[in-house]
Amino acid sequence: SGDAFTDVTTGMSFVFVKGGCYQMGDTFGGGDADEKHAHEVCLNDFYFGKYEVTVGQFRKFVNDAGYQTEAEKGDGCYVWTGSQWDKRRDANWRNPGFNQNENHPVACVSWNDATAFIEWQSRKSGRNYRLPTEAEWEYAARSGGKSEKWAGTSSESSLRDYAWYVANSGNKTHPVGQKQPNGLGLHDMSGNVWEWCQDWYDRNYYGSSDRDNPGGPSSG
């Protein structure tokens, strides 16, 4: 259907997101300074991955392209010990510090690694993929720009139904799609692993952001 498609190269599922306008930023009052002030943003339609990129999907890319991640070439990646983040030289997407299978979300992947994966998938499939902008990501996470504190809910008592986080994750990731999706049918938009956006970061950008399809600051 026009509402969803599956990429033939990786098997990734994509959901159609109808564009619209919403109040981007901290609308609940509990956020950081760089999430204020909430401001109106309007977006065109786009497609968004239904699940986080999995270890198995990333492995297809690595094997086909002969790619080596920055963590593997450098000094590893950060591992959560239960109390702090420790950088471990031997930690990478194959060995992130806990057991995982092919359906876990890939971790220890840098922005450059994610971009290389996307460029490979675009070449293989003939489709023009990219990372979402921060504005698109937030709109998608909030079920199409709704006033939601977490993806799918604003109730802390029901958060464990939608997300793997400190209270229920056991300090490790979990296979994608085990928790309830948000209002757009997207899974794990809160919790599990952090996700990359296309934009540079500038803590003052909200004050000068474009209203229509903001692409983020020019540097950061």
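In the block above lies the structure referred to throughout.
All of these numbers come straight from a predicted model, not from anything done at the bench. (Residues numbered from 1 in each chain as written. Predicted model: local features only at pLDDT ≥ 70, side-chain atom pairs only at ≥ 80, totals over all residues. Heavy atoms only, no water.)

(A) View of the nonpolar core. Grouped together as the largest cluster of nonpolar side chains are 18 residues, with contacts concentrated most on Phe58, Phe61, Trp93, Val106, Val109 and Phe117. Secondary-structure elements contributing two or more residues to this core are α1 (55-65) and α3 (111-125). When residues in this core are grouped by element, the largest group, five residues, is from α3. Not counting chain neighbours up to four residues away, the residues in contact with phenylalanine 61 comprise Gly66, Tyr67, Asp113, Ala116, Phe117 and Trp120. Val17, Met24, Val41 and Leu186 belong to the second-largest nonpolar core, a separate cluster that totals 16 residues. (Core = buried A, V, L, I, M, F, W, Y, C linked by side-chain atoms within 4.5 Å. Buried < 20%, exposed > 50% of the residue type's maximum accessible area, 1.4 Å probe, protein only. Helix = DSSP H or I, 4+ residues; strand = E, 2+ residues; numbered from the N terminus. Contact = heavy atoms within 4.5 Å.)

(B) Main features of the sheet that holds strand β2 (residues 13-17). One open sheet accounts for three strands, arranged β1-β2-β5; its pairing is antiparallel. Every other strand in the sheet has two partners, leaving β1 (4-6) and β5 (46-49) as the edge strands with one partner each. When strand polarity is set aside, the average angle formed by the axes of neighbouring strands in this sheet is 30°. In this structure, β1 lies alongside β2, joined through three bridges in antiparallel fashion. Bridging from a neighbouring strand, phenylalanine 5 pairs with phenylalanine 14 of β2. Where helix α4 (residues 134-141) meets the sheet, its contacts fall on β2 and β5, and the angle it forms with β5 comes to roughly 70°. (Pairing = 2+ DSSP bridges. Axes fitted to C-alpha atoms, helices over the stretch in contact; angles between N-to-C directions.)

(C) Spatial organisation of empty space enclosed by the protein. Applying the stated criterion across every chain yields a total of one cavity of 30 Å³ or more. When its volume is computed, the largest cavity comes out at roughly 40 Å³. As for the largest cavity, its lining consists of Met24, His39, Glu134, Ala135, Asp199, Tyr205, Tyr206, Ser209 and Pro214. Taken together, the residues of the lining of the largest cavity break down into five nonpolar, two polar and two charged. (1 Å grid on protein atoms, 1.4 Å probe; cavity = no way out; pocket = protein on both sides within 12 Å on 5 of 7 lines; lining within 4 Å. Points joined across faces, edges and corners; volume = space filled by probe spheres on them. Nonpolar A, V, L, I, M, F, W, Y, C, P; charged D, E, K, R; others polar.)

(D) Geometry of the packing of α1 against α3. Between α1 and α3, the shortest axis-to-axis distance is 10 Å and the interhelical angle comes to 75°. The orientation of α1 with respect to α3, classified from their angle, is roughly perpendicular. Side by side, α1 and α3 meet where Gln57, Phe58, Lys60, Phe61, Asp64 and Ala65 of the first sit next to Asp113, Ala116, Phe117, Trp120 and Lys124 of the second. Within the contact of α1 with α3, the residues separate by chemical class into six nonpolar, one polar and four charged. (Parallel < 35°, antiparallel > 145°, perpendicular 65-115°, else oblique.)

(E) Up close: the packing of aromatic side chains. Scanning the model with the defined rule gives 16 aromatic pairs in all. An aromatic cluster of at least three residues, connected via ring pairs, comprises Phe58, Phe61, Tyr67, Trp93, Phe117 and Trp120. When the ring centre of phenylalanine 5 is taken as origin, the NZ or CZ atom of arginine 127, which lies over that ring, is 3.8 Å away. Positioned above the aromatic ring of tryptophan 164 is the side chain of lysine 179, whose terminal nitrogen or guanidinium carbon lies 4.2 Å from the ring centre. (Phe/Tyr/Trp six-rings, centres within 6.5 Å; stacked < 30°, edge-to-face > 60°. Lys NZ or Arg CZ within 6 Å of the ring centre and 35° of its normal.)

(F) Spatial organisation of α3. Over its 15 residues, α3 extends 21 Å from the first C-alpha to the last, a length consistent with the 21 Å expected when each residue adds 1.5 Å. What α3 keeps buried is the set Asp113, Ala114, Thr115, Ala116, Phe117, Ile118, Trp120, Gln121 and Ser122. Among the structural elements, β2, α1 and α2 (70-73) are those in contact with the buried residues of α3. Glycine 126 occupies a position one or two residues after α3 and carries a positive phi of about 80°. (Expected span 1.5 Å × (residues − 1).)

(G) Summary view of unusual backbone geometry. Looking along the chain, the bond that leaves lysine 36 and enters histidine 37 is cis, with omega of 0°. Checked against the element boundaries, histidine 37 lands in the loop between β3 (20-24) and β4 (39-43). In the Ramachandran plot, cysteine 108 falls in the positive-phi region, its phi being about 60° despite a non-glycine side chain.

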